[in-house]
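# Breakdown of the fold
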Amino acid sequence: MEIVQSRQLRPEEILKEWWGEIKENREEDFWVNTRTYMKQALKRLMESTMRGEVEAYTHSRWHERNENKIDYRNGFRYRRFLTHEGPIEDLKVPRLRKGKFQTRVFKNYQARQKAVDQAIRDVFICGVSTRRVGEALSALLDAPVSAGTVSNVTKALDKEVKKFHRQKLTDEYQYLILDGIHLKIKGVLKGKKKVILVAYGITVMGQRRLIGFRVVGVESEVKWEQFLTDLYNRGLDGKELKLITTDGCKGLHKALETVYPEVPRQACWVHKLRNVSNYLPKKYQKECTKEAGKIYLADNKKEAVRIYKSWAKKWIEIKPEAVRCIERELDELLAFLDCPKEHRVKIRTTNVVERSFREVRRRVRTMNCFTNQASCERIIYCIFNHLNNHWGARLLKDFNQFKINGERCTL
């Protein structure tokens, strides 16, 4: 008997043969065929998985007679299912007489793979209009995606938005940053400006999170009190809070007196310098605000007061209103200097909230304003959720430190 020994091809030889076939059939045909084969393989895998599930559910194999059967097969139904590889046509789904069997491959009435819905959401959140999402994804999915489908997928976020608003909070935040952001939402006749109340926190371990938001008509004491009370009732008691940074809204300050009266407050330096600039002629704005900025760079309150007095002495004669603007809230502006030096740059302004909303503003730029409040909340939730997942469990630098017997230790 003659034994024929086959020669094993080296990797470079295999690649040479593959690319030889591509050159003959053209690269486009190669990728088309690849997608076709992938869809066929995926279809067989889904059908065999469902068949195996039916056998396990009925306690019997195909055409097997068994006294322990709990149900009997009743043929198949054919359906279309959209996956990341493209549409699977004529997918054979087993049917049972009692109709109580549910496959784990997909849910009842589910027309698309979850990854497809996520891709639709991601493209929509990135700023593509509802009508153009289908155009952007049709080539990748090898199937048209209608504007109605995009709308239905995004509307499904409403449950997640409600869950976000109601989720329990842990009382582990040492710093809380509150700010109100203005966005335009379409009304009956024209777009109206709404205020988004936002709460951002840094935990005792140095984790950062966007905790919550609320869409309101005006930034008033009542609205802020309702928002803060909701955070309190959901678990943010404030026992660990060392400082709350605000944008200077009087209504917010009054609300804090009601909900978190014992927590020190820090006025945002960016908002304050912006207000100072408004009192100055244009020729003095840059010089005056730059010198005032040296106040918050001081190592301690004593040095900050000395720098303030020197600054005030120079500018009181030029523009006294600008000096009084800082003088009125100097205590609140310097409150952050009682915190560890490593933390100060993160808590002296509300910039982090404004930076988080850059994505929201970029998203709304393509459509001028939100169509309604629900669409506004969906976009904000998606971006907040993305940022929270991006930050994850990563700790801010120098925030994961604590003291034991007076010595600083790092986790």
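Residues numbered from 1 in each chain as written. Predicted model: local features only at pLDDT ≥ 70, side-chain atom pairs only at ≥ 80, totals over all residues. Heavy atoms only, no water.

### So, the confidence of the model for the protein chain
Looking at the protein chain as a whole, the pLDDT averages 83, with 85% of positions reaching at least 70. Taken together, the stretch residues 1–6 has pLDDT below 50 and engages in 0 contacts with residues farther than four places along the chain or on a different chain. Segment residues 402–411 is flagged for pLDDT under 50; beyond a separation of four residues in sequence, or across chains, it makes 14 contacts in the model. (pLDDT = per-residue confidence, 0-100. Contact = heavy atoms within 4.5 Å.)

### A word on helix α3 (residues 114–125)
An ideal rise of 1.5 Å per residue puts 16 Å on 12 residues; α3 measures up with 16 Å between its terminal C-alpha atoms. Among the residues of α3, Val-116, Asp-117, Ile-120, Arg-121, Val-123, Phe-124 and Ile-125 are the ones counted as buried. (Helix = DSSP H or I, 4+ residues; strand = E, 2+ residues; numbered from the N terminus. Expected span 1.5 Å × (residues − 1). Buried < 20%, exposed > 50% of the residue type's maximum accessible area, 1.4 Å probe, protein only.)

### Describing a nonpolar patch on the surface
A cluster of nonpolar side chains, Val-204, Met-205 and Leu-395, forms an exposed patch at the surface whose accessible area comes to about 200 Å². Structurally, Met-205 can be placed in the loop between β4 (191–203) and β5 (208–216). (Patch = residues over 30% accessible without salt bridge, like charges linked within 9 Å, V, L, I, M, F, W, Y side chains within 5 Å. Areas by Shrake-Rupley, 256 points an atom, 1.4 Å probe, with all protein chains shown as cover. Salt bridge = Lys/Arg side-chain N within 4 Å of Asp/Glu carboxyl O.)

### With respect to the packing of aromatic side chains
A ring pair, where both rings are aromatic, is described by two values, the distance of the centres and the angle of the planes. What the rule picks out here adds up to 11 aromatic pairs. Ring centres of Tyr-308 and Trp-311 lie 6.1 Å apart, and the angle between their planes is 40°; on these two criteria the pair is classed as tilted. In this pair, Tyr-308 and Trp-311 both sit in helix α11 (residues 301–315), 3 residues apart, roughly one turn of the helix. With a relative accessible area of 9%, Tyr-308 lands in the buried category. (Phe/Tyr/Trp six-rings, centres within 6.5 Å; stacked < 30°, edge-to-face > 60°.)

### Let's talk about the pairing of β5
Pairing analysis gives 8 bridges linking β4 to β5, with the strands arranged antiparallel. If you follow Ile-202 over to β5, its bridge partner there is Arg-208. Linking β4 back to β5 in an antiparallel pair, the connection comprises 4 residues, with Gly-206 at a positive phi of about 100°. (Pairing = 2+ DSSP bridges.)

### A closer look at the side chain of Arg-348
As for its placement among the helices and strands, Arg-348 is situated in the loop between α14 (344–347) and α15 (351–356). In this structure Arg-348 is buried but unpaired, with Asp-299 as the nearest side chain of opposite charge at 9.6 Å. For Arg-348, the residues in contact, after removing those within four places along its chain, are Thr-245, Gln-266, Ala-267, Cys-268, Trp-269, Tyr-296, Leu-297 and Phe-336. (Lys, Arg positive; Asp, Glu negative; His and termini not counted.)

### Here's the deal with the nonpolar core
Within the largest apolar cluster, 72 residues are counted, with the highest numbers of intra-cluster contacts made by Ile-196, Trp-269, Trp-311, Ile-326, Phe-357 and Ile-380. The element that contributes the greatest number of residues to this core is helix α17 (residues 373–391), accounting for 9 residues. The contact partners of Ile-326, leaving out residues within four places of it in the chain, are Trp-269, Lys-272, Val-276, Ala-292, Tyr-308, Trp-311 and Leu-333. Tyr-173, Phe-227, Leu-252 and Ala-255 belong to the second largest nonpolar core, which has 23 residues in total. (Core = buried A, V, L, I, M, F, W, Y, C linked by side-chain atoms within 4.5 Å.)

### Points about a positive patch on the surface
Together, Lys-250, Lys-254, Arg-324 and Arg-328 line one region of the surface with positive charge. If you trace the backbone, Arg-324 turns up in helix α12 (residues 320–327). (Charge placed at Lys NZ, Arg CZ, Asp CG, Glu CD.)

### Describing the packing of helix α4 (residues 130–141) against helix α5 (residues 147–155)
Packing of α4 against α5 brings their axes to within 8 Å, and their N-to-C directions diverge by 105°. The angle between α4 and α5 places the two elements in the roughly perpendicular class. Residue-level contacts link Thr-130, Arg-131 and Val-133 of α4 to Ala-147, Val-150 and Ser-151 of α5. (Axes fitted to C-alpha atoms, helices over the stretch in contact; angles between N-to-C directions. Parallel < 35°, antiparallel > 145°, perpendicular 65-115°, else oblique.)

### Thoughts on the pairing of strand β3 (residues 173–186)
Counting buried residues in β3 gives 11 out of 14 residues, a clear majority hidden from the surface. With 13 bridges joining them, β3 and β4 adopt antiparallel strand pairing. Looking across to β4, one finds that Asp-179 is bridged to Val-198. Taking the residues between adjacent antiparallel strands as the criterion, β3 and β4 are bridged by 4 residues.

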